[in-house]
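Here is what each chain is made of, one letter per residue.
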Amino acid sequence: MISSLLAAMLAGLVESLFCLLALYVARSLTLVWAWTYTVAVPEHLRAARRAEIRSDLHEQINQMRQEGDRSNIIAFHILGRMIWGLWDDVRWSAPYLPSTLAERLSRGSEIVGKARPSPLMVASLAMLGIMNLSFYMTDRTVPWFEWVYLNTMMPVVVLLLKNQQRQWVRRLFQLWVFLAIALVVTLMLWAVLEFRLYQMPQFYEFLLQAMLAASPMIVAIGVATKTVRTHVFRDKWWPVVVTWVIVGGASVATGVTVGGNFAILLGMTVETALLLVLTLGLVVTFGFGVKVICYAGIRVSAGCMRLAATGIRRLERST
Amino acid sequence: MLTKPQISAHNAYMRRKSGQLIPIEQSILVAAVRLRGQGIEEFHGFGIAKEIRDREGARLLTGHGTLYRALGRLEEQGFLIGRWEDPLVAAEENRPRRKLYKFTGAEVPLLGDSSTRPARLQLLRETAP
């Protein structure tokens, strides 16, 4: 009975979260589209159009919430307005698209920036190559889309991390993190309920060990986050050391007391730390490759948009 | 009754003729005049879209691209005056800044099929200051 109640509560919570997520995605997509079609127009027009769209979205969401509409309905309306206005957006920006190769290269460089490889990136690229090779040698039945996913996910993350000064990038990155956390939490809760793990005493011991092993890593992530570093640790080193000693000591003491064996906790901590370092290294590695790919992509897309703009101008001249 | 699509007045997808307004631009001006009749001199993009939807009984608001492109053209042609509101006002209300538009009262050349033109003319006469 308790599991049924928990499952019902969980279902309601997940439904609400997905409605909010739908609204977040719809708003983000609209802002990303506004950024995209205004990227080539003059600065004053670009800023004005983006600001108007942002204001419009805010007004619409507030108005519809006051009228009692659910978040998923609001998301539907927002996406509908964006889609219905796509053609007019392209027509509005068409006269401002760069028409010469020199202009396109200049605009592309402004957006992507100059690629500067570093020794760390080169070393991480070599490590990535070794990982792909070992992956291929151990299991050759992996589907092609898994290869593509594994080797493109990190470039996307790197691109987002390197462009966090842009608001839409921060929002997209936050959406990605939110999705990942929501998925993990949902799967964990489902597994606990489906397999009745809460009835197994070893489950609670494992959960405690995992939390203890992760706590020093959480401190490390907090130190790496500028907001936490500035507001909690006041940019000083000794609060970090004190916090780490306290958290690490408490983690070890509790782990040994509960598990009776220091080796389990140590093993989980080392594995977590290695995973974190490896992830960070892979994230940094793809920065160079992502910039090259994005620059080429912008050149190709600018060419396609120029062709579309030429067609639109001819159509308007013939009226 | 003439129903040939070659005649532009009977073609819903007619192209713009120089100096004339397309239906969305007419709708914006009619809605602006209606709002002025209600004492609302200035309006923002979402506000006029909502007024157009309520007046025409549509389900969805006008698309972003369509709406703001039309507002921009009306501003260029002198039918509307646009200004950005004071940033302090927006900051106090914790929302993004609005761009506010105001109808200048200029003479409006109408473009529409024969069934809608009299209604639009009548509406402008009723709501004119």
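About the criteria used
One numbering rule holds for all chains: residues counted from 1, following each sequence as written. As a convention, the first chain written is A and the first ligand written is 1, with the rest following in written order. Only residues with pLDDT of at least 70 get local features here, since the model is predicted, and only at 80 or more are side-chain atom pairs given and counted; chain-wide, interface and lining totals rely on the full set of residues. Think of the side-chain values as coming from all heavy atoms in the structure, minus any hydrogens and water. Put simply, DSSP H or I for four residues or longer makes a helix, DSSP E for two residues or longer makes a strand, and each gets a number counted from the N terminus. For this analysis, residues touch if any pair of their heavy atoms sits within 4.5 Å. Paired rings are identified among Phe, Tyr and Trp, the last through its six-membered ring, by centres lying within 6.5 Å, and are further divided according to the angle between planes into stacked (under 30 degrees), edge-to-face (over 60) and tilted (the rest). Each residue is assigned to one of three classes by its accessible area relative to the maximum for its type, calculated with a 1.4 Å probe on protein chains only: buried under 20%, partly exposed between the two thresholds, exposed over 50%. Criterion for a salt bridge: a side-chain nitrogen of Lys or Arg within 4 Å of a carboxyl oxygen of Asp or Glu. Orientation is described by lines fitted to C-alpha atoms, with helices fitted over the stretch in contact, and by angles between N-to-C directions that extend from 0 to 180 degrees. Angle categories: roughly parallel below 35 degrees, roughly antiparallel above 145, roughly perpendicular from 65 to 115, and oblique for all the rest. For this scheme, ten residues count as nonpolar: Ala, Val, Leu, Ile, Met, Phe, Trp, Tyr, Cys and Pro. Four count as charged, namely Asp, Glu, Lys and Arg, and the remainder, Gly too, count as polar.

**Q** Tell me about the overall build of chain A, and please be specific about residues and values.
**A** Along its length, chain A carries twelve helices and zero strands. Each helix and strand of chain A, ordered N terminal to C terminal, gives the series α-α-α-α-α-α-α-α-α-α-α-α. Intrachain contacts of chain A at a sequence separation of at least 6 include 73% that bridge at least 24 residues.

**Q** Account for the packing of aromatic side chains, naming residues and giving values.
**A** Residue and element names in this part refer to chain A. In this structure the tally under the stated criterion is three aromatic pairs over all chains. Here the aromatic rings of Trp33 and Tyr37 are separated by 5.2 Å at their centres, their planes lie at 45°, and the arrangement is tilted. Here Tyr37 and Trp33 lie together in helix 1 (residues 2–37), a separation of four residues that amounts to about one turn. With a relative accessible area of 21%, Trp33 lands in the partly exposed category. Pairing Tyr37 with Trp92 gives two aromatic rings, centres 6.0 Å apart and planes at 85°, and the pair type is edge-to-face. In this pair, Tyr37 is assigned in helix 1 and Trp92 in helix 4 (residues 86–93), connecting sequence segments 55 residues apart. For the pair formed by Tyr37 and Trp92, the shared burial category is buried.

**Q** Residue-level account of the pattern of salt bridges, with values.
**A** A pair can form between side chains of opposite charge whenever their charged atoms are brought close. Residue and element names in this part refer to chain B. Evaluated as defined, the whole model comprises 14 salt bridges over all chains. We note a salt bridge from Asp54 to Arg53, for which the minimum N-O separation is 3.5 Å. What makes Arg53 buried here is its relative accessible area of 18%.

**Q** Hey, could you go over the packing of helix 1 (residues 23–37) of chain B against helix 2 (residues 45–56) of chain B for me, with residue numbers and the actual values?
**A** All names here are of chain B. The geometry of helix 1 relative to helix 2 is characterised by a closest axis approach of 9 Å and an angle of 95° between their N-to-C directions. Accordingly, the angle class assigned to the pair helix 1 and helix 2 is roughly perpendicular. Listed contacts from helix 2 to Ile24, Ser27, Ile28, Val30, Ala31, Ala32, Arg34 and Leu35 of helix 1 are Ile48, Glu51, Ile52, Arg55 and Glu56. Class assignment for the residues of the contact of helix 1 with helix 2 results in eight nonpolar, one polar and four charged.

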